[in-house]
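Structure assessment
As a plain string of letters, each chain reads:
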Amino acid sequence: MRVLVVDDEINLLNAVETGLEAEGFAVDTATNGTDGLWLAQENDYAVIVLDIMLPGMSGFRICEELRRSGNLTPVIMLTAKDGDLDQVEALDTGADDYLTKPFSFQVLLARLRALIRRGGAERPPLLTVGDLELDPAARRVRRAGQPIELTTREFSVLEFLVSRAGQVVSKRDVLGGVWDFDFEGDPNIVEVYIRHLRNKVDRPFARASIETVRGAGYRVVADG
């Protein structure tokens, strides 16, 4: 799932980004309100984390603009300690939740997951391709009824592919959906995770559902 975090406190921003990526999220960041609003309008996010005090445009105004344009992406606003008026205004401008600074990362993570569950009514509770089943909420995978243990990143890559079953997705698509749009590492990291997944979800079950489409990318099929 992709998350947008907008905050001009670089240390906090980097810490939240690192923590969320370790939990399997793809994270985009912005350090000012103008860039934050542009990203929120141009991309689909599972949830947006907004600081209130931002250069260029406040978090209040960003949230207000998103709601005015019909964008209902869940928003959690970061407010000042004991800032009752900030909390009231955050909710009045359309935020779904708020968290006061300083905060525990685990609390932020729990709040984000709660918002995603609430905002994800259209998301199927179970993703299935043939006898392969993914439960996004519980982060569990089964094939032919047998549980499969995956790392956080392996699960995210598989979820990205299975949610687009039958479609060809490029290496760049996977990087953008699972890592982030600004990924500057070796794009062959995708091949590494595809190999790991095949060794866990295909070969032990005599399947070949994760296909390589030469020159184009990868595709998950039900009858592989």
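Residues numbered from 1 in each chain as written. Predicted model: local features only at pLDDT ≥ 70, side-chain atom pairs only at ≥ 80, totals over all residues. Heavy atoms only, no water.

What to know about the overall build of the protein chain
Scanning the protein chain from terminus to terminus reveals 8 helices and 11 strands. For a compact globule of 224 residues, the expected C-alpha radius of gyration is about 17 Å, and the protein chain comes in at 19 Å, within 12% of that figure. Oriented by its inertia axes, the alpha-carbon framework of the protein chain measures out at about 60 × 35 × 30 Å. Counting the 224 residues in the protein chain, one finds 46% classified as buried. Sequence separation of at least 24 residues holds for 54% of the intrachain contacts in the protein chain that already meet a minimum separation of 6. For the protein chain, the accessible surface area stands at approximately 11,300 Å², while carbon and sulfur atoms represent 48% of it. (Helix = DSSP H or I, 4+ residues; strand = E, 2+ residues; numbered from the N terminus. Rg over C-alpha atoms; globule rule 2.2 N^0.38 Å. Buried < 20%, exposed > 50% of the residue type's maximum accessible area, 1.4 Å probe, protein only. Contact = heavy atoms within 4.5 Å. Areas by Shrake-Rupley, 256 points an atom, 1.4 Å probe, with all protein chains shown as cover.)

Topic: unusual backbone geometry
In this model, Lys101 is joined to Pro102 through a cis peptide bond whose omega is -10 degrees. As for its position among the elements, Pro102 is in the loop between strand S5 (97-100) and helix H5 (105-119). You will see that Ala144, though not glycine, has its phi angle at about 50 degrees, which is positive. Inspection of the secondary structure assignment puts Ala144 in the loop between strand S8 (140-143) and strand S9 (146-148). Residue Ala144 is classed as partly exposed on the basis of its relative accessible area, which comes to 46%. In the Ramachandran plot, Ala206 falls in the positive-phi region, its phi being about 55 degrees despite a non-glycine side chain.

A short note on the packing of aromatic side chains
Taken as a whole and judged by the stated rule, the model has 0 aromatic pairs. It is Arg164 that lies over the ring of Phe160; its NZ or CZ is 3.7 Å from the centre. (Phe/Tyr/Trp six-rings, centres within 6.5 Å; stacked < 30°, edge-to-face > 60°. Lys NZ or Arg CZ within 6 Å of the ring centre and 35° of its normal.)

Section: the UniProt feature "modified residue: 4-aspartylphosphate" (unreviewed entry) in the protein chain
When the UniProt feature table is mapped to this numbering, "modified residue: 4-aspartylphosphate" (unreviewed entry) covers Asp51. For Asp51, the location among the structural elements is in strand S3 (residues 47-51). When sequence neighbours within four positions are dropped, the list of residues in contact with Asp51 reads Val6, Asp7, Asp8, Gly59, Met77, Leu78 and Lys101. (UniProt positions renumbered as here; feature names shortened; annotations may be inferred.)

Here we look at the packing of helix H2 (residues 33-42) against helix H3 (residues 59-68)
Here H2 crosses H3 at 25 degrees, and the two axes come no closer than 10 Å. The orientation of H2 with respect to H3, classified from their angle, is roughly parallel. The hand of the H2/H3 crossing is right-handed. Residues Gly33, Leu37, Ala40 and Gln41 of H2 touch H3, and the partners they reach there are Ile62, Glu65 and Leu66. Here the residues of the contact of H2 with H3 are counted per class, giving 4 nonpolar, 2 polar and 1 charged. (Axes fitted to C-alpha atoms, helices over the stretch in contact; angles between N-to-C directions. Parallel < 35°, antiparallel > 145°, perpendicular 65-115°, else oblique. Left-handed = near helix turned anticlockwise from the far one by under 90°. Nonpolar A, V, L, I, M, F, W, Y, C, P; charged D, E, K, R; others polar.)

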